[in-house]
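Report on the structure
What follows is each chain in one-letter form.
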Amino acid sequence: MQIHGFNKTTLLDYPKHLAATIFLGCCNFRCPFCHNSSLVLSTDTQPSLTVSEVIDTLKSRSSILEGVCITGGEPTLSKDLPEFIQVIKDIGLKVKLDTNGSNPLMLQYLLSHQFLDYIAMDIKNSRNRYIETIGVPEYSLDAIDSSISLIQNSGIPYEFRTTVVKEYHTLEDMLAIGRWLEGSKEYYLQLFLDSGDILSPGLHAPTHESMLEYQKALQPYFNTVGIRGMETN
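Some remarks on the overall build of the protein chain
Each helix and strand in the protein chain was counted, giving eight helices and eight strands. The C-alpha radius of gyration computed for the protein chain amounts to 17 Å, which stays within 12% of the reference 17 Å derived for 233 residues, consistent with globular compactness. Structurally, the protein chain occupies a C-alpha span of about 45 × 40 × 40 Å along its principal axes. Expressed as a percentage of its 233 residues, the buried residues of the protein chain come to 51%. A separation of at least 24 residues holds for 72% of the contacts in the protein chain among residues at least 6 apart in sequence. Total accessible area on the protein chain is roughly 11100 Å²; 48% of this is exposed by carbon and sulfur atoms.

What follows is the structure, given as structure tokens:
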């Protein structure tokens, strides 16, 4: 398992829980706006931590932490993920998984063994623009559809979310996403932020007015539609 980042305390990554965040390397997508491009393109050159280091730290902080967020990269590409999560659960911590939904077989395994307490899946764009947005030619959306269904029927808290980029997302795209995911509980629009480590520099965030327009347009499709990354009234 390639662990390339470890945030010992966060109030942001796991809703309503004080958590630690673990960043795994490698990803099978090449989203131009990815803010962790070093974990995607040059994993082997990144500083790393051992599983033992991370687990020992979690054990020492188990009295104050409530959960762990496992993110990436794409965590479900790691074959050791179930074993790793089992150790975390044995410590007594909840587990939130961030995923791009490309590995429904791993997702199904984790859900069937009750390893997950929360799932956040990135919805990159509308179906018509998905391949363009993930940067993988001729990609089939079958896996994405399967993961969406698994998550919707998982019986655990979940959210779908889209990082909104001016050059890649329009109101029409947002409405198409709403129709695709209609009936899901929570959906979040995340304002694009140039971290300085993105795959394709020169991209821009939409205006705040556009974000609010998208939020309003999507409200009929979900129980909750939130915006992250900007102040709202």
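Alright, that's what it looks like, and here's the rest.
Regarding the pattern of salt bridges
In a structure, side chains of opposite charge can pair up when their charged atoms sit close to one another. For the coordinates displayed, the defined rule picks out 10 salt bridges. One salt bridge connects Lys 124 with Asp 122, and the closest N-O pair in it is separated by 4.0 Å. Each member of the pair, Lys 124 as well as Asp 122, carries the same accessibility label: buried. Here the residues in one salt-bridge network are Lys 96, Asp 98, Asp 122, Lys 124, Glu 159, Arg 161 and Arg 228, joined through shared partners.

Re the packing of helix H2 (residues 51-60) against helix H3 (residues 81-91)
The N-to-C vectors of H2 and H3 enclose an angle of 20 degrees; their axes lie 10 Å apart at closest approach. On the basis of the axis angle, H2 is roughly parallel to H3. The interaxial crossing formed by H2 with H3 has right-handed handedness. Contact residues: Val 51, Val 54, Ile 55, Leu 58 and Lys 59 in H2; Phe 84, Val 87, Ile 88 and Ile 91 in H3.

As for the nonpolar core
Ile 22, Leu 58, Ile 70, Ile 88, Leu 116 and Tyr 187 are the most contacted members of the largest nonpolar core, which totals 65 residues. Setting aside residues no more than four positions away along its own chain, Leu 58 makes contact with Phe 6, Ala 20, Ile 22, Leu 65, Val 68, Ile 88, Ile 91 and Leu 93.

Scoring rules and cut-offs
Residues numbered from 1 in each chain as written. Predicted model: local features only at pLDDT ≥ 70, side-chain atom pairs only at ≥ 80, totals over all residues. Heavy atoms only, no water. Helix = DSSP H or I, 4+ residues; strand = E, 2+ residues; numbered from the N terminus. Rg over C-alpha atoms; globule rule 2.2 N^0.38 Å. Buried < 20%, exposed > 50% of the residue type's maximum accessible area, 1.4 Å probe, protein only. Contact = heavy atoms within 4.5 Å. Areas by Shrake-Rupley, 256 points an atom, 1.4 Å probe, with all protein chains shown as cover. Salt bridge = Lys/Arg side-chain N within 4 Å of Asp/Glu carboxyl O. Axes fitted to C-alpha atoms, helices over the stretch in contact; angles between N-to-C directions. Parallel < 35°, antiparallel > 145°, perpendicular 65-115°, else oblique. Left-handed = near helix turned anticlockwise from the far one by under 90°. Core = buried A, V, L, I, M, F, W, Y, C linked by side-chain atoms within 4.5 Å.

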